[in-house]
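# Residue-level structure breakdown
Listed below, chain by chain, are the residues.
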Amino acid sequence: MFEIKNVSMIYDMNFEEKMYALNGFSLTLPDTGLVGIIGPSGSGKSTLMYCMSTLKKPTEGNITYNGQDITSLSNKQRETLRRNEFGFVFQKHYLVPYMTAMDNVVVAGINNDKELRDKAAEYLLALGLKEREFNKRPSKLSGGQCQRVAIARAMINNPNVIFADEPTASLDHENAFNVMKILKKYSEDRLVIVVTHDRSILKDVDITVEMWDGKLSNSSL
Amino acid sequence: MKSKLSALKFVRNNKKQVWVMIIALALTFMTMYIINFLFLTTEESFKTLFLEQPKRVAYLDLTPDTMGVDKEAYASNDEYNSAVNKARDKIIADMKKHEGISDAVLTQALYAHYQGIVGEVGYDFPLLSKEQIPEFVNHMNAKLIDGRMPEGDGEILVDEKVLKNQKMEIGGYFNESTFGQNFKVVGVLESEYMTCVGTPMGYTNSGWYIVVLCDEENADMTKLLHDIGITPSEYDTMYDSVDWAKMYKELVTDQLDTALLAILIVVIIFLAISILVAYISFMRSRVNEYCLYTSIGFGRKDVYGMILREILIIFGISIILGSVVTVIIMFGMGNSVLEPMGLIYKYFYPEHLLRILAAFAAIIGVLQIPISVTINNIKTIDMIEE
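Residues numbered from 1 in each chain as written. Chains lettered and ligands numbered in written order. Predicted model: local features only at pLDDT ≥ 70, side-chain atom pairs only at ≥ 80, totals over all residues.

### Some words on the overall build of chain B
The number of helices and strands found in chain B is 12 helices and nine strands. Scaling as 2.2 N^0.38, a compact globule of 386 residues should have a C-alpha radius of gyration of about 21 Å, whereas chain B reaches 31 Å, well beyond that. Classification of the 386 residues of chain B by burial places 34% in the buried group. Across chain B, the fraction of contacts at a sequence separation of at least 24, relative to all contacts at a separation of at least 6, is 78%. (Helix = DSSP H or I, 4+ residues; strand = E, 2+ residues; numbered from the N terminus. Rg over C-alpha atoms; globule rule 2.2 N^0.38 Å. Buried ≥ 20, exposed ≤ 12 C-beta atoms within 10 Å, placed from the backbone. Contact = placed C-beta atoms within 7 Å.)

Pasting the structure below:
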C-alpha cells in the first residue's frame, strides 16, 4: 500500500547546518495490519506519519500510496485523499469544544447524517462511551473519553488507513489496551499506523518500525 | 456524499454568542428602520400640505406693477387704490374663465400650524363668507364629520388631523396663542388635503390673497397668469404647487434625507467596528477547529463556505427578528403616538429598507477581511504540534 523511498525532510533549509527530521528513509507497508512506529522524541516518527498522510510534503524522495505518488499531488488532491482514504488521531484530541461527542464524530463524515449517526453511535459504544455521554461536550468528558471520541471520528468514514499519533497518551492502561484492541480489530482488513514511544502498547502490532534520528533503526518486516 | 461543513452546528451550539450578535444586529436594524419611519412620517405628513393641497388651491398676492397699475399715473391714493382693485377684479374674472379654475376670490387668509415628529409647518387657509364655504369644502373633497358649518363671524372648520395635531376641539378657540379668542372651532372636516376654512372676524395679520380654486393641471400660477396675459415678477407672492413643491424639496426631503443618510452612516460605522471586533474574537477562538477541518481533508473553501453560511444565518435571523420587532413597535407607535398626533404615516418604505439591507450587506463585505486573513492563516495540525 505504502512505498516510501529515500524520503528526507529537512527543516531550516536556509541554515548551513541542516536539520533532518527524516533522512533517506525507506519503507514498504502492506495493505492491512497494525503498524507501530516507535522511537524517542525527535526521532522523526511523527514527521514520517505526517508525510505519509500528505499533511507534510517531504523535501526529497517519494511516497507511493496504492501506486500513486502522493508527494506530487496538488493541495486539492491531497485534501481529497485525506478525506476519502485516511483517518486521523492526533496527539491532542482536537475535538470541537462547542459540539457534542456525537457531533464531533459526525463532523468528519462524508455520508449522509442519519447513516453517520448510527455508525458513530456504534463506534462510540465499542470504544467504551455510554449512550448518555454522546450528547456531552468535550469539556464534560474526561481526557480518555475525548481521545476515544477522536478515534471514533477517525474511523467514521471507514478509511483504508488510520494514522494515530500517540492515541493512548491520555488513557489509563485499561483504556489504552481497549483502544489498541479496537485498532487491532480495525486493522484486520485495513492499515492502522500507530506512532508511539510507549512500547507496552505495541505487543499486538503486526509490524514494528523503530526510528532513530530520522532513520529506520529496526523493523520487524 | 456530504460535501459541506455544517454551519448550523455552530449556530445551534453557541446560542449565547450567536444570540448576542443576532440581538445586536436586530436592534440595529430596528433602530435604523424606526428612525427612518419617524423621519419619513414627518415627510409623509407634510407631503399632503406641500404637494397635495396646492394642487387644489393657490394663494396669490400680486403687486400693482404686475397688475399693470403704475402709481405715478394717479393723482390721489383713492384713484390709485381704485385702479388696483379694478385690475385685480379683472384678473380674478379672467382666472374664473380659465379652464380648470373653479373659482377665484379675493379674501383674507388665516394661518394653521401642523407639527411633525421633526419640525413644524404653517399654511394659509381662506376666510370666506358663510355662503362661499360649502363650495370651497366641496372643491377640496372635504366632508363635515362633526359639528356644524360656520354661521357667524370667526368660525372655523378644521381638518380632523390638524385638530388632533394642534389639540383643539369643537367649541375651543382656533390657534389661541396667535389669534387670541377671535376664532372658534365649530366643525371638523374629513379631507385628503388637510382642509381648513372659516369666516373672517375683522382683520387678521395673515393678509389678503386671491384664493384660486384650481385642478391639478392648472395649479401652476405662473403659467395661469401667463395664459391670461400677466407676467408675474419676483416681488409677487404666489403660494402655488410649484412654490410648495420647491419648498418641500429644499426644506423637507433634502434635509431629512441628508440627516437619515448621516445617521445610517454613523450607525453602520459603529456597527461594523463592533461586529468586526466580535467576529475576530469568535474566529480566534476557533482556529484549532479550522485547522482540524483542513487536516482531515476539508479544503479552505469548505471552511470559508461554512463561515460565510454562519454569517448569513446570523444576519438572516437578525433581519427577520428585527423586522418582526420593528413591525410591532411601528404598530404600537402608530396607534399610540402618531394617530393621536394626527400624522400621516405608512409602514413600508422599500427604498429605505433596501438601504438598510445594503448597509448590512456592506458589513458582511467588511467581515470578509478578517475571514480571508483567518482562512489564509489556517494551518494543519502537524504545524501546530511542532
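### Some words on the overall build of chain A
When its secondary structure is counted, chain A shows six helices and 10 strands. Radius of gyration (C-alpha) of chain A: 17 Å, near the 17 Å computed for a compact globule of 221 residues. Referenced to the eigenvectors of the C-alpha coordinate spread, the extents of chain A come out at roughly 55 × 40 × 35 Å. Within chain A, contacts between residues separated by at least 24 positions form 70% of all contacts whose residues are at least 6 apart in sequence.

### Overview of the sheet that holds strand β10 (residues 215-219) of chain A
All names here are of chain A. If you trace the six strands from one edge of the open sheet to the other, you get β6-β7-β8-β3-β9-β10, paired in mixed fashion. Strand pairing shows two members of the sheet lacking a second neighbour, β6 (86-89) and β10, which therefore form its edges. Pairwise comparison of adjacent strand axes, ignoring direction, gives a mean angle of 20 degrees for this sheet. Inspection of the sheet shows strand β3 (residues 33-38) paired to strand β9 (residues 207-212) by four bridges, in the parallel sense. Along β9, the bridge assignment pairs Ile37 with Val209. (Pairing = 2+ DSSP bridges. Axes fitted to C-alpha atoms, helices over the stretch in contact; angles between N-to-C directions.)

### Remarks on the interface of chain B and chain A
Each partner contributes residues to the interface: chain B has 18 residues there, and chain A has 21 residues. Within the residue set of the side of chain B that touches chain A, elements represented by two or more residues are α1 (8-13), α9 (287-295) and α12 (381-385) of chain B. The element that contributes the greatest number of residues to the side of chain B that touches chain A is α9 of chain B, accounting for four residues. Grouping the amino acids of the side of chain B that touches chain A by side-chain chemistry returns six nonpolar, seven polar and five charged. (Nonpolar A, V, L, I, M, F, W, Y, C, P; charged D, E, K, R; others polar.)

### What to know about the sheet that holds strand β4 (residues 60-65) of chain A
Residues and elements named next belong to chain A. Read from one edge of the open sheet, four strands run β2-β1-β4-β5, paired in antiparallel fashion. The two strands at the open ends of the sheet, each matched to only one other strand, are β2 (19-29) and β5 (68-69). In this structure, β4 lies alongside β5, joined through two bridges in antiparallel fashion. Note on β5: the bridge partner recorded for Thr64 is Asp69. Relative to the sheet, helix α1 (residues 45-52) contacts β1 (2-11), β2 and β4, its axis offset from that of β2 by approximately 60 degrees.

### Focus on helix α11 (residues 350-376) of chain B
Between its first and last C-alpha, α11 of chain B extends 38 Å over 27 residues, near the 39 Å set by a 1.5 Å rise per residue. All buried positions along α11 of chain B are accounted for by Ile356, Phe360, Ile363, Leu367 and Thr374 of chain B. (Expected span 1.5 Å × (residues − 1).)

### Some remarks on the environment of Gly119 of chain B
Here Gly119 of chain B is to be found in the loop between β2 (101-115) and β3 (120-127). Residues Gly119 of chain B and Glu43 of chain B, spaced 76 residues apart in sequence, show a C-alpha to C-alpha distance of 10.0 Å.

### Some remarks on the packing of helix α10 (residues 300-338) of chain B against α11 of chain B
Working note: a packed helix pair is described by the angle between its axes plus the distance between those axes. All names here are of chain B. The interhelical angle for the contact between α10 and α11, taken along N-to-C directions, is 150 degrees, at an axis separation of 11 Å. With respect to α11, the axis of α10 lies roughly antiparallel. Judged by the twist between their axes, the crossing of α10 over α11 is right-handed. Across the interface between the two elements, Arg300, Val303, Tyr304, Ile307, Ile311, Phe315 and Ile319 from α10 touch Phe360, Ile364, Leu367, Ile371 and Ile375 from α11. Along the lines of polarity and charge, the residues of the contact of α10 with α11 split into 11 nonpolar, no polar and one charged. (Parallel < 35°, antiparallel > 145°, perpendicular 65-115°, else oblique. Left-handed = near helix turned anticlockwise from the far one by under 90°.)

### Some thoughts on the pairing of β10 of chain A
All names here are of chain A. Alignment of β9 against β10, held across four bridges, turns out to be antiparallel. Paired with Val209 across the bridge in β10 is Ser219. Counted between consecutive antiparallel strands, the loop separating β9 from β10 contains two residues, among which Asp213 sits at a positive phi close to 55 degrees.

### Describing the packing of helix α2 (residues 15-52) of chain B against α11 of chain B
Residue and element names in this part refer to chain B. At a minimum axis separation of 10 Å, α2 and α11 run at an interaxial angle of 150 degrees. Considering their axes alone, α2 and α11 lie roughly antiparallel with respect to each other. Helix-helix and strand crossings are classified by hand; for α2 and α11 the assignment is right-handed. In contact with Phe29, Met32, Tyr33, Asn36 and Leu40 of α2, α11 contributes His352, Leu353 and Ile356. For the contact of α2 with α11, a count of residues per class yields six nonpolar, two polar and no charged.

### A closer look at the confidence of the model for chain B
With 99% of its residues at a pLDDT of 70 or more, chain B has an overall mean of 93. Confidence metrics for the complex model read pTM 0.83 and ipTM 0.92. (pLDDT = per-residue confidence, 0-100.)

### Things to note about the environment of Ile63 of chain A
Residue and element names in this part refer to chain A. Looking at the secondary structure, you find Ile63 in strand β4. As a C-alpha pair, Ile63 and Thr28 span 35 residues in sequence and 9.5 Å in three-dimensional space. Setting aside chain neighbours within four positions, we find Ile63 in contact with Phe2, Ile4, Val7, Cys51, Met52, Pro58, Ile70 and Thr71.

### Remarks on the environment of Val20 of chain B
Looking at where Val20 of chain B falls in the secondary structure, it is placed in helix α2. Val20 of chain B sits 355 residues away from Ile375 of chain B along the chain, and the two C-alpha atoms are 24 Å apart.

### So, unusual backbone geometry
Residue and element names in this part refer to chain A. Here Thr54, not a glycine, exhibits a phi torsion of approximately 70 degrees, which is positive. Examined against the element boundaries, Thr54 turns out to sit in the loop between α1 and β4. Positive phi values are uncommon outside glycine, yet Tyr94 reaches one of about 50 degrees. On the basis of neighbour count, Tyr94 is assigned to the buried category, with 23 C-beta atoms found within 10 Å.

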